[in-house]
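Residue-level listing of the chains:
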Amino acid sequence: MAPLSRGVMDTSQSPYVKLRSVGIGDVKLTKGFWAAWFKLCREQMIPSMWEIIRDNNTSHIYENFMVAAGLLEGRHRGAGWQDGDFYKWIEAASFVYGVTKDKQLDEWMDESIELLAKVQRPDGYIHTPVIIKERKNPDEAKPFQDRFDFEMYNMGHLMTAACVHHRATGKTSLLDIARKASDYLCEWFKNPDMEKARNCVCPAHYMGIIEMWRTTRERRYLELARAFIRMREMVEGGGDDNQDRIPFSQQTKAVGHAVRANYLYAGAADIYSEGGEGVNLENLQKLWESIVETKMYVTGACGALYDGASPDGAKDQKSITRVHQAYGREYQLPNVTAHNETCANIGNAMFGWRMLDITGEAKYAHIAELVMYNGALAGVGLDGRSYFYTNTLRQVDELPFELRWSRVRTPYISCFCCPPNIVRTVAEIGNYVYRVTDEGVWVNLYTGSELDTRLPGGQRVKLSVTTRYPWSGKVTLKVKVAEKADMGLMLRIPGWAKGAKVAVNGESVGGEVKAGEYFRLQRNWASGDVVRLDMPMEVKLLEANP
C-alpha cells in the first residue's frame, strides 16, 4: 500500500475524471484466471522476451542500442519502431517489479537504463536509427526527416515506461531520460509548421507526455499535449491512414489504420481528462460507439482489413491513400482474412478504460473486459512464449491465397510491436480491477485479488475477492478494513448478466440489479462483512449484425 504514485495511468489529480486509479502495489492477484496469467507473465513472458531482445541473431533490438551507444560497430537492423518495443518490455518489467520486488527484474532494468543513457544525445533526442546514421555521417542524419520513422511513437513509449518505472521503483534514472526527451520535444515543437504536425504517426506520445505531466507536474508537458491536438488541425492533404484527412475536431467515425486510430483516441481521452482543451467528449463518445457498434468483432478485436483505401469511393484519384490494417466500412468484418492486429485490440481496451474513468459508465468496462479476455489474450499462446500479430476469427487449413502473416503463433515476429504490448497488458491487469472515488470502491473486473489502498480523502480500504470467474459467475467479496464510516461498493454487473443477485452477510439486498450498470452497495461497513454476487452464466448465441 501507499505507493509513490498511482498506477499505469495516474489519474489521482486529473480534473475531468470520475474514477481514479489505485497504486501499482495496491492490488495483489491471488488465485484464479488473471493470477495464473500474471504468474506466467513473470516467469515466462518477461524473461523469454528479455532473451529475444538481447538476441543479436533474432531481434537486433538490444544490438541497435549498443551500436547507437558506440559500444558495437554495425548498422541499424529491423523496424524503426523497435526502440518502442524495448520500452514496452521495460514498462512490463517495471509493473511486475512494483508488485513482486523481484531483484532480477530490477537488475535487468538497471542494465537497460544504463544503456539508454549512453545512447541519448545531450539535447535529449533518442532514436537509434537516426543516432546510428549520425555516427557514420552527421550531415545526412537529422531528426524527423521521415514521418514514418516512428520517432514520436518510440519516445511516447519511453515516457510511459519511465513513469511506471518511477512509480514502481522510486528511482529517477529512466524518468531523467524521459524528461530530457520530453524537453527536446517541447523545444522542437515550439513553433510548429505543417511538416512538424505530420510527424504524429501512431501517437503513443500523446499518452506518454500526459503521463509525464501527471508524474512531474511540469506544466510545459501538458501544454505540449494540447499543442499536439492543435497541430492536427494544421495538416493539409492528409489521409485516413494517420487520421488526418479531416481535422480531429470534426472526427466522429473510426477510420483508417486501427492501431494509430486507437492510440489517437486513447491519447485524446487522456488530454481531455487533464483539461479538455481541444478535445470534445461527445466526439470521443461517438468514436467509441463507431468502433463498438459497427467495426468490432464479437471478440472485441478491430482493424478488420489487411489493406483498405481512403477516402472510400473518392472521385479524385489523387486523394485516395492506401490504409494498412484498416477499420474499413461499417460491418465489413471478414472472418478468415481478419487482420485484427493485437496492438489494435489492446488499443481498443486502452481507449475504453480511459472512457470509463472519464464517465463512470459501465459499458466502457464491459467492452474493455471483452477485449482483455478475447481479442487481446488471443495474441499470446498458453506457453507465454509464442505470439500472433494478426488474430483471425476463423482458421482454415488450406487457403486459395496467401496471407501476409503467420496463422501459427511464433516466438518472434519481424514486426515485433505486438508481443511486448501483450506482455505489458498482462503484467498490468491488476491496475484495472479496481477504481476509487471519494464515495468508495468500484469493482471493474472479477478475479481472485486483494486490495489495500486509500480513497482520495485518505481513508484506508482493504478487501479481498475470491471467484472462479470467468468459469463461474459466483463472486465473494470480504471487507477487511473500511475506515470511512459510510462507504459505497460499486459492483459492475456485465451486460450479459441478467438476473444477477447480491447478498450481504447472507441477506439478499433490495433494489434492482441491472445488467450493464454498476450496482451500488452503500452502508457502514465493518471488518468481516461478506458480499456475494451471483451472475447467471447462461450459454447464449451471438450473431453478427446483418
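Small disclaimer: the values here were computed from a predicted structure and weren't measured.

J.: I keep staring at the packing of helix H3 (residues 82-100) against helix H4 (residues 103-119) and nothing clicks. Help me out?
T.: Each packed pair of helices is defined by two parameters, the angle between the axes and the distance between the axes. With their axes 10 Å apart at the nearest point, H3 and H4 run at an angle of 145 degrees to one another. With respect to the hand of their crossing, H3 and H4 are arranged in left-handed fashion. Listed contacts from H4 to Phe86, Tyr87, Trp89, Ile90, Ala93, Ser94, Val96 and Tyr97 of H3 are Leu105, Asp106, Trp108, Met109, Ser112 and Leu116. Grouping the constituent residues of the contact of H3 with H4 by class yields 11 nonpolar, 2 polar and 1 charged.

J.: Just to check I follow, could you spell out the side chain of Ser386 for this structure?
T.: Counting through the fold element by element, Ser386 comes out in the loop between helix H14 (362-376) and helix H15 (418-427). A polar contact of 2.9 Å, which involves the side chain of Ser386, links it to the side chain of Asp383. What Ser386 contacts, discounting residues up to four positions off in sequence, is Gly379, Val380, Gly381, Arg409, Thr410 and Pro411.

J.: What exactly am I supposed to notice about the sheet that holds strand E12 (residues 517-523) here?
T.: By way of backbone hydrogen bonds, the strands of a sheet pair with one another, either parallel or antiparallel. Within the open sheet, the 4 strands sit side by side as E4-E5-E9-E12. Their pairing is mixed. Because the sheet does not close on itself, it has two edges, and the strands there are strand E4 (434-436) and E12. Each strand of the sheet is rotated relative to its neighbour by a mean of 20 degrees, with strand direction disregarded. Inspection of the sheet shows strand E5 (residues 440-443) paired to strand E9 (residues 487-493) by 4 bridges, in the parallel sense. Paired with Val441 across the bridge in E9 is Leu489. Its contacts with the sheet put H14 on E9 and E12, and the angle it makes with E9 is roughly 50 degrees.

J.: I tried to follow the packing of aromatic side chains on my own but got confused; where do I start?
T.: Under the counting rule described, the total for this entry stands at 32 aromatic pairs. When the centroid spacing of 6.0 Å and the interplanar angle of 65 degrees are considered together, the rings of Tyr62 and Phe86 count as edge-to-face. Placement of the pair is Tyr62 in helix H2 (residues 61-68) and Phe86 in helix H3, with a sequence separation of 24 residues. Comparing Tyr62 with Phe86 shows no difference in burial state: the two are buried. A ring pair is formed by Tyr153 and Tyr263, whose centres lie 6.4 Å apart and whose planes are at 15 degrees; its orientation type is stacked. With Tyr153 in helix H6 (residues 151-169) and Tyr263 in helix H11 (residues 258-273), this pair connects stretches of sequence that are 110 residues apart. There is no split in this pair, since Tyr153 and Tyr263 are both buried.

J.: How should the side chain of Ser449 be read in this particular structure?
T.: Mapped onto the secondary structure, Ser449 falls in strand E6 (residues 449-454). Here Ser449 falls in the buried class, since its relative accessible area comes to 1%. If we ignore the near neighbours within four places in the chain, the residues touching Ser449 are Val27, Lys28, Leu29, Thr30, Val433, Tyr434, Leu463, Ser464 and Val465.

J.: Please clarify how the pattern of salt bridges should be interpreted in this entry.
T.: A side chain of one charge can pair with a side chain of the opposite charge when the charged atoms of the two come close. The tally for this structure, following the rule as stated, stands at 34 salt bridges. Among the ionic pairs, Arg424 bridges to Glu91, the shortest N-O distance being 2.9 Å. With a gap of 333 residues between them, Arg424 in helix H15 and Glu91 in helix H3 connect regions that are remote in the sequence. There is no split in this pair, since Arg424 and Glu91 are both buried. Residue Arg220 pairs with Asp183 through a salt bridge whose shortest N-O separation is 2.8 Å. You can see Arg220 sitting in helix H10 (residues 219-232) and its partner Asp183 sitting in helix H7 (residues 173-188), a full 37 residues away along the chain.

Scoring rules and cut-offs
Residues numbered from 1 in each chain as written. Predicted model: local features only at pLDDT ≥ 70, side-chain atom pairs only at ≥ 80, totals over all residues. Heavy atoms only, no water. Axes fitted to C-alpha atoms, helices over the stretch in contact; angles between N-to-C directions. Helix = DSSP H or I, 4+ residues; strand = E, 2+ residues; numbered from the N terminus. Left-handed = near helix turned anticlockwise from the far one by under 90°. Contact = heavy atoms within 4.5 Å. Nonpolar A, V, L, I, M, F, W, Y, C, P; charged D, E, K, R; others polar. Polar contact = N/O pair within 3.5 Å; in protein donor to acceptor, adjacent residues only side chain to side chain. Pairing = 2+ DSSP bridges. Phe/Tyr/Trp six-rings, centres within 6.5 Å; stacked < 30°, edge-to-face > 60°. Buried < 20%, exposed > 50% of the residue type's maximum accessible area, 1.4 Å probe, protein only. Salt bridge = Lys/Arg side-chain N within 4 Å of Asp/Glu carboxyl O.

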